[in-house]
Structures are given as structure tokens and as C-alpha cells.
Amino acid sequence: MLRIYLILLCFIASGWAEAKKFEGLALTPPMGWNSWNTFACEIDENLIKEMADTMVENGMQAAGYEYINIDDCWHGERDAQGNIQVNQQRFPSGLKALADYVHSKGLKLGLYSDAGWQTCGGHPGSRGYEFQDAKQYASWGIDYLKYDWCNTEGLKAEGAYLTMREAIYQAGRPMVFSLCEWGDNKPWEWAKDVGHLWRTTGDIYPCFDCEYNHGTWSSWGVLKILDRQKGLRKYAGPGHWNDPDMMEVGNGMSAAEDRSHFAMWAMLAAPLIAGNDLRIMSEQTLALLSNSDVIAVDQDPLGVQGFIYADDFADTKLQVWFKPLEDGDWAMAILNRGDKEESFIFDWQQHTVSDALSQRQIQKSPSLYEIKNLWSGQVFADNQGILQQIIQSHDTLLLRLSLKK
Ligand code: GLA
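Read on for a plain summary of the structure. The structure presented is a predicted model; accordingly, all values stated were derived computationally and were not measured.

Considering all chains together, one arrives at 22 aromatic pairs under this definition. Between the aromatic rings of tyrosine 161 and phenylalanine 177, the centroid separation amounts to 6.2 Å while the plane-to-plane angle is 45°, which identifies the pairing as tilted. Residue tyrosine 161 is located in helix α7 (residues 157-171), and its partner phenylalanine 177 is located in strand β7 (residues 176-179); the two are separated by 16 residues in the primary sequence. Note on accessibility: tyrosine 161 and phenylalanine 177 belong to one class, buried. When the ring of phenylalanine 344 is compared with that of phenylalanine 346, the centres are 5.7 Å apart and the planes differ by 25°; the resulting orientation is stacked. The class of phenylalanine 344 is buried, set by a relative accessible area of 0%. Among the aromatic side chains, those forming a connected cluster through ring pairs are Phe307, Tyr309, Phe313, Phe322, Trp330, Phe344, Phe346 and Trp348. Positioned above the aromatic ring of tyrosine 101 is the side chain of lysine 49, whose terminal nitrogen or guanidinium carbon lies 5.0 Å from the ring centre. Taking the ring centre of tryptophan 220 as reference, the NZ or CZ of arginine 228 above it sits at 3.9 Å.

The tally for this structure, following the rule as stated, stands at three disulfides. In this model, cysteine 207 is linked to cysteine 210 through a disulfide, with the two sulfur atoms separated by 1.9 Å. On the S-S bond that ties cysteine 207 to cysteine 210, the torsion sits near -85°, and the link is left-handed. For cysteine 210, a relative accessible area of 25% gives the class partly exposed. Among the cysteines around cysteine 180, which has no disulfide bond, cysteine 120 carries the closest sulfur, lying 6.8 Å off. On the basis of relative accessibility, which here comes to 1%, the residue cysteine 180 falls in the buried class.

It is worth spelling out the nonpolar core at this point. As a rule of thumb, nonpolar side chains are buried together in soluble globular proteins. Core analysis: the biggest nonpolar cluster contains 85 residues, and Tyr65, Ile68, Ile70, Trp74, Tyr137, Phe262 and Trp265 have the highest contact counts within it. The contacts of tryptophan 265, once residues within four sequence positions are left out, are Ile204, Val222, Ile225, Pro244, Asp245, Met247, Ala270, Pro271, Leu272 and Asp298. Counting residues in each nonpolar core, the second largest holds 22 residues, with Ala310, Phe322, Ile334 and Val353 among its members.

Attention now moves to the site of the ligand. In the neighbourhood of the ligand, 13 residues make up the surrounding shell, with Asp71, Asp72, Lys146, Asp148 and Asp203 lying closest. Measuring from an oxygen atom of the ligand, one finds a side-chain N or O atom of lysine 146 at 2.8 Å. If the ligand stood free it would expose 310 Å²; the protein chains cover 94% of that surface. Across the shell around the ligand, the residue classes break down as six nonpolar, one polar and six charged.

Conventions and cut-offs
The residue numbering used here restarts from 1 in each chain and proceeds along that chain's sequence as written. pLDDT decides what is reported in this predicted model: residues at 70 or higher carry local features, side-chain atom pairs at 80 or more are listed and counted, and totals for whole chains, interfaces and linings draw on all residues regardless. Hydrogen atoms and water are omitted, and side-chain values are computed over all heavy atoms in the structure. Classification of ring pairs rests on two measures: the distance between centres of Phe, Tyr or Trp rings, Trp counted by its six-membered ring, which must be within 6.5 Å, and the angle between planes, read as stacked under 30 degrees, edge-to-face over 60 and tilted in between. We count a stretch as a helix when DSSP gives it H or I for four or more residues in a row; a strand needs E for two or more, and each element gets its number in order from the N terminus. The cut-offs for exposure are 20% and 50% of the maximum accessible area for each residue type, with area from a 1.4 Å probe on protein chains only; residues under the lower value are buried, those over the upper are exposed, and the others partly exposed. Here, over-ring charges are defined by two tests on the NZ atom of lysine or the CZ atom of arginine: distance to the ring centre within 6 Å, and angle to the ring normal within 35 degrees. Disulfides are defined in this document as cysteine sulfur pairs within 2.5 Å. We define a nonpolar core as any set of buried Ala, Val, Leu, Ile, Met, Phe, Trp, Tyr and Cys residues linked to one another through side-chain atoms lying within 4.5 Å. We call two residues in contact whenever any of their non-hydrogen atoms come within 4.5 Å of each other. Any residue with a heavy atom lying within 4 Å of a molecule or strand is counted as near it. For this analysis, a polar contact is any N or O atom pair within 3.5 Å, provided that within protein one partner can donate a hydrogen and the other can accept it, and provided that sequence-adjacent residues contribute only side-chain to side-chain pairs. Residue-level accessible areas treat just the shown protein chains as cover; the underlying method is Shrake-Rupley with a 1.4 Å probe. Under the scheme applied here, ten amino acids are nonpolar (Ala, Val, Leu, Ile, Met, Phe, Trp, Tyr, Cys and Pro), four are charged (Asp, Glu, Lys and Arg), and all others, including Gly, are polar.

This is the structure we're talking about:
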């Protein structure tokens, strides 16, 4: 009897000790802002506060943006007990006070670390300090951790990220866990229960289709990143997302290119993490980032990533994408990858659009749908089943097909 009792006790105790990821934190792709793309290491507490203020005042918070994420370079050194310290010059009030400030605005605060011994920017990494660091972040009130992969020689990615997952869980404060190992170890195959999002590629660069060579590594323009998402859609879903990197909207591309970038990130059900200076962006950039129809495509509760229906559509440079949405709706994107404007003519009767992954099919008769242009807000009248539009170079036509009730 005593033996059975002891076995039962061990069983219950091991159940208590079991670590897992915090569930329910990213049922739709996370939305927010991150310091890296514009500011790199030039960050301080005033900048972070101003971004939080701006996000509330300009309506982005109301549009769904929630996280203010501090990237690399917030660190000081470790103290004699190994506790990581904040950089005192840049963050004199400390991260607890900053988290309190951000929380007082109804927003959440994210932080950055690295699985290796140093971050990519040369600051102390979490290797060997995972549990201590996670506890520290929890005590500061951190809500989101981006965990990078520089200086990880000898480490195995899955194990390293699992260690940090356990550390976060044991620290007891729910945090979104964002894996940033650039897709090198195919995280989509193993990270569903480890984190809430995983980078699929190397870093983004604010250009439409370029490669920026840093010497030993490259960063990539929007189309280059988009093309590296092939085959990954089946791995994404509520609570676990493919992350094609933070956005470069408002960071120097043309208006059409910014539109395409934002539209395609929505079609990918990508995290929408703005990377521009929110304080000085143009009205046009703000309107784009806050477009509620496009955000609804990204944040659709079905959580199914879009797919390419046709490459080089009708011998043009147009790429046609579809994304199934809840309640029988669809998003449709026509991306002009080429250098000249193209005419798009789509005869619904000639096309069968179906998706094996979500087991959904578009009705052949467009009159069953209300078709809305998500840039102009214009709703199309039934035009005898043929969709006809001119699409400018590098621009994207984004439509929502809403099943008429
Ligand atoms: C890596 C990441 C970037 C950024 C920098 C910071 O390159 O992929 O997103 O976090 O490190 O050093």
C-alpha cells in the first residue's frame, strides 16, 4: 500500500515539475514594435517610452499592436552572483520601471537574449545562465523574449531552445517565446511546442528584392524572404507561427513596395512587428500599418497561412496568392514582382481554387461573395465573373472575398 502511495506521489510530483511552453499567448500572430531595424544598438529608456506613448496616441494600439520589444544592446555586465544587469547609462531607471511604464499604457514589454555566450551585438548571452536570466526577466515584468542564435558553437538548437523554454516556464511569468535561429535548424519541424514563433530566414533588409552582403552573411529584401517561405505553411497555426522577420515598412521602400510587404506578411499570417520610427513616420505609413482590413487578414482566427495559386500568372510577373479565412471568406493577393505595370484578368469560371491543407474551396461563382479592395475600401459589384485590374510595378492588389450570408 505504501509502495503504491509512493509511486503515485512520484508520478504527481513529476507532473508538477514538467515544463512546457505557456499556451494561449499567441493564438493569432503577435503584433508590436521592435527597436532593431531602425535603431540597432542606439536605444535607451526614453526612446522605448516614446514608442509606447506613440503607439497609444496614434491609434496603433487600438489597431491591435501590443508588444514593445527591446532588441539587442540593452545589457550591462553580470554582477558577482551572475545576475544580468541593464546598461545603467542607457536605462538608468531599470527595466522594472520601464516595464511598469509600458504596462501602465496597456502595452507589453519584450526583451532580447541569445542562446550563446554572447549576443550578436557582443553582449552577455544566456548560455549557462538560462534559469537565472528567465527569473530576472520575470521579476522585471517581461512579457516576450526573442532568443537569438549567435555564438552558439557546440550547442544543438532544439536542446538550447528547450532549456530556455523550461527556464521561462519555471520562472512562472507567461512570456511569448520567439525563436530567432534564422531557420538554420528547421525549427518549424520541432518548435511547435517549444515557442510561439520562429524565424524562418536570415535578417530582413529594407529593399524589395536585393541581397545585402555583410561579408560572412547576407540580409534579404522582401521578395527574397517571401520566396524562402515555400513549403512552410503547414507548420504554422494558432500559437505557433512562421516568422519571416520584423517589418521594414516605412524604412525607405516605395509606397507600392511597402504595401506589398505589409500585404504579403498578412497573407503569410506573419507576426506584425513594426521596425520603423513610429514617432516620425508619414501619414501614409501610419495608415498602412493601421489598415484594419489587412490586419484582419493577418489576424484571422483560422490561422491558416496563405499559398501561391499561380506564379507568372498568364505569362506576366504577377503572382497570385490565396489565404482561407474563417466563415468561408478568403483573402486574395496579386503581387506584381516585375518592373512594369501589368493588367490582371481573372475569369472565375476558368479557375478552381482549393486548399488541401484547410480543405476549403472557393465557390466558382463570384456573385456569392462580396469582393472588397482592401486599399481603397471599394466593394466590387458583380462584374459577370471577371476580375480586371491594372497593378503597378511592385504593388499588390489585396482583396477580401466575403461569403454573402
Ligand atoms: C540577429 C537577429 C536580428 C537582431 C540582431 C541583434 O542578427 O537576427 O533580428 O536581433 O541579431 O544583434
